[in-house]
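Structural overview
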Amino acid sequence: MVTADGRFAHRRVRDLPLYLRAPDVLVVNDTKVLRARLRGQRVGRGDSEPKIEVLLHKRLGPDRFLAFARPARKLAPADRLLLGRDLAATVAARGAGGEIELAFDRARRHAGSGDRGARARCRCRPISPASGPPMRRTPWTTRRSSRGTRARSPPRPRGLHFTPGLLARLTEQGVSQASVTLHVGAGTFLPVSVDDTADHRMHPEWASLDSATAAQLNAARANGGRIVAVGTTSLRTLESAAGPDGAIRPLAGETDIFITPGHRFAAVDVLLTNFHLPRSTLFMLVSAFCGLATMQAAYAEAIREHYRFYSYGDACLLFRPEG
């Protein structure tokens, strides 16, 4: 935990109710993690064709998707891919950072068409490059807590630390909950590969926040409550919906907000997030939230204490410095 005055404290996620109060609002991203990973190989160039893995992340049309490919260097526009036994696609275009555009064959009825055909053959849920190596358990694995009871994490890409019991304790003490939506794509996945952040292109991602949620959040702040974002995607959605006056407005559309040190936060007061990779947009975001020097020191402390990094690791609770 990093307090508003920059001090560090080591706590458990179950201690969160000690640091929140009524009428704070806990805001989560309610997007779902879909099966979106396909494995196959390039075909048509020769006898020895490389194995290819693609991660679908954005639908462009009935039969077209943006995807990340690995190894992308083996692919060029017009290449053919056989993904599984009967799903074929053509590389329509190639972008930066391993991103490609895929056009799936719709004429092959036995392969299905478009979104239904491609998604139906996905067998693995995506793990972003910022997630690091997955743990043996998945986010949905039932596991034993320190007290011997069994807990099950909710199916969200972030917020995996929460259990129904913890959420109930927060509700009992007057901390309400709200949800926003940001469908994670290239904006979150791609690392920063330029020396000047002004040259980094933040890919748009779909975000939404309805009028009832906006009214709930504005009322809480008017009554002295704080907005607590669970995950960087929730924070980016909230900051995209906030005006210069701090009022949160309904949002439905793509956002390419890129939060770096110097950003003036208008909506979020507290952030619960995992530990992120260096040179990532996510580490830049937390550095903007608490200060670069503070976060560098906090990460060094986490390494000394053997914290686990990335999406399935430990979390940090960050309080935005006053003023």
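Predicted model only: the values in this text are computed from it and were never measured. (Residues numbered from 1 in each chain as written. Predicted model: local features only at pLDDT ≥ 70, side-chain atom pairs only at ≥ 80, totals over all residues. Heavy atoms only, no water.)

**What to know about the environment of K51**
Short version of the rule: A run of DSSP states H or I qualifies as a helix once it reaches four residues; a run of E qualifies as a strand once it reaches two. Both are numbered from the N-terminal end. Each residue is assigned to one of three classes by its accessible area relative to the maximum for its type, calculated with a 1.4 Å probe on protein chains only: buried under 20%, partly exposed between the two thresholds, exposed over 50%. For this analysis, residues touch if any pair of their heavy atoms sits within 4.5 Å.
Mapped onto the elements, K51 comes out in strand β3 (residues 51-61). With a relative accessible area of 69%, K51 lands in the exposed category. Distance in space between the C-alpha atoms of K51 and P71 is 8.3 Å, their sequence separation being 20 residues. Ignoring anything within four residues of it in the chain, the contact list for K51 reads G40, Q41, R70 and P71.

**Things to note about the packing of helix α5 (residues 232-241) against helix α6 (residues 281-290)**
The description of two helices packed together rests on the angle between their axes and the distance between the axes. Just so we agree on the cut-off: Working convention: axes come from line fits to C-alpha atoms, limited for helices to the stretch in contact. Angles between N-to-C directions cover 0 to 180 degrees. The handedness criterion is simple: a crossing whose near helix is rotated anticlockwise from the far helix by less than a right angle is left-handed, and one whose near helix is rotated clockwise is right-handed. Each residue is assigned to one class: nonpolar for Ala, Val, Leu, Ile, Met, Phe, Trp, Tyr, Cys and Pro, charged for Asp, Glu, Lys and Arg, and polar for all the others, Gly among them.
At a minimum axis distance of 11 Å, the contact between α5 and α6 shows a crossing angle of 65°. Every pair of crossing elements has a handedness; the one defined by α5 and α6 is left-handed. From α5, T232, L235 and R236 reach across to α6, where they touch L282, L285 and F289. Its residues placed into classes, the contact of α5 with α6 shows four nonpolar, one polar and one charged.

**With respect to the packing of aromatic side chains**
The test is simple: To pair, rings of Phe, Tyr and Trp, with the six-membered ring standing in for Trp, must have centres within 6.5 Å; the planes then decide the type, stacked if under 30 degrees apart, edge-to-face if over 60, and tilted in the middle.
Taken as a whole and judged by the stated rule, the model has seven aromatic pairs. Each ring, one from F275 and one from Y299, has its centre 5.2 Å from the other, and the planes form 70°; the classification is edge-to-face. In this pair, F275 is assigned in the loop between β14 (270-274) and α6 and Y299 in helix α7 (residues 292-304), connecting sequence segments 24 residues apart. Y299 gets classed as buried once you look at its relative accessible area, which sits at 8%. Ring-pair connections join several aromatic residues into one group, and the members of that group are F275, F283, Y299, Y307 and F309.

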